[in-house]
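The residues making up each chain are set out below.
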There are 2 protein chains.
Amino acid sequence: MQTSELIGFGAAFLSTASFVPQVWLTFRTRDVSGISLGMYSVFTLGVALWLVYGLSLAAWPVVAANAITLALAVSILVMKLRYGSRPAR
Amino acid sequence: MQTSELIGFGAAFLSTASFVPQVWLTFRTRDVSGISLGMYSVFTLGVALWLVYGLSLAAWPVVAANAITLALAVSILVMKLRYGSRPAR
């Protein structure tokens, strides 16, 4: 495997895995006041498009990374919508 | 331009631009209690690796999108570190 490919896999792993601690923090605390609804709306749409892009090129690493990121981003978006109208606890 | 390329540009634009409302919300409110330090630490590292990956392949759209995302992610990370120890106002 080329060095650049290794770097790409590291990048995909880290940028995808990074959303796990955010999902966990939000799930645990329901503290969504500082989380931007605009960010997670637009980001979810962007990641969905990355998924379509990967599928259209049969680029499976792109598909896999973005499918996982999409699930994590949707979780945060749903929690923002659900907990947003209540005071954080 | 192929349809898949258009989708890719749309995806890159949206996933990069999505961080702007988060930077703005955090800058305006200093409300960082619900923002995960783990997420922004790992995400910043991941995006930096995407930037190195793009540079190593001379893939300029990857370089451009990730340079902008890196700047936005670093801003959020710095605000989290700076405002994290104070009560949100």
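These lines cover the structure that appears in this document, whether it is placed above or below. Keep in mind that this is a model prediction, so the values were computed, not measured.

**Focus on the interface of chain A and chain B**
Line of reasoning, step 1. If you look at the interface, chain A gives 32 residues, while chain B gives 32 residues.
Line of reasoning, step 2. Taken together, both faces of the contact between chain A and chain B bury some 2,800 Å²; the carbon and sulfur share is 74%.
Line of reasoning, step 3. Where chain A touches chain B, the interface holds 0 salt bridges.
Line of reasoning, step 4. The interface formed by chain A and chain B holds 10 residue pairs in polar contact (both at pLDDT 80 or more) in total.
Line of reasoning, step 5. When contributions to the side of chain A that touches chain B are tallied by element, the ones reaching two or more residues are α1 (3–17), α2 (19–29) and α3 (37–57) of chain A.
Line of reasoning, step 6. Of the residues assigned to the side of chain A that touches chain B, the class counts are 18 nonpolar, 13 polar and 1 charged.

**Observations concerning the packing of aromatic side chains**
All names here are of chain B.
Line of reasoning, step 1. Applying the stated criterion to the full structure yields 8 aromatic pairs over all chains.
Line of reasoning, step 2. Taken together, a centroid distance of 6.1 Å and an interplanar angle of 25 degrees make the contact between W24 and F27 stacked. On the criterion of helical spacing, the pair formed by W24 and F27 is a turn pair, its members being 3 residues apart in helix α2 (residues 19–29).
Line of reasoning, step 3. Ring centres 5.6 Å apart and planes at 75 degrees place the aromatic pair W50 and Y53 in the edge-to-face group. One end of the pair is W50 and the other is Y53, both in helix α3 (residues 37–57) and 3 residues apart, which spans about a single turn.
Line of reasoning, step 4. The exposure class of W50 is partly exposed, given its relative accessible area of 23%.

Each value, and the rule that gives it
Residues numbered from 1 in each chain as written. Chains lettered and ligands numbered in written order. Predicted model: local features only at pLDDT ≥ 70, side-chain atom pairs only at ≥ 80, totals over all residues. Heavy atoms only, no water. Contact = heavy atoms within 4.5 Å. Buried area = accessible area lost by both parts, 1.4 Å probe. Salt bridge = Lys/Arg side-chain N within 4 Å of Asp/Glu carboxyl O. Polar contact = N/O pair within 3.5 Å; in protein donor to acceptor, adjacent residues only side chain to side chain. Helix = DSSP H or I, 4+ residues; strand = E, 2+ residues; numbered from the N terminus. Nonpolar A, V, L, I, M, F, W, Y, C, P; charged D, E, K, R; others polar. Phe/Tyr/Trp six-rings, centres within 6.5 Å; stacked < 30°, edge-to-face > 60°. Buried < 20%, exposed > 50% of the residue type's maximum accessible area, 1.4 Å probe, protein only.

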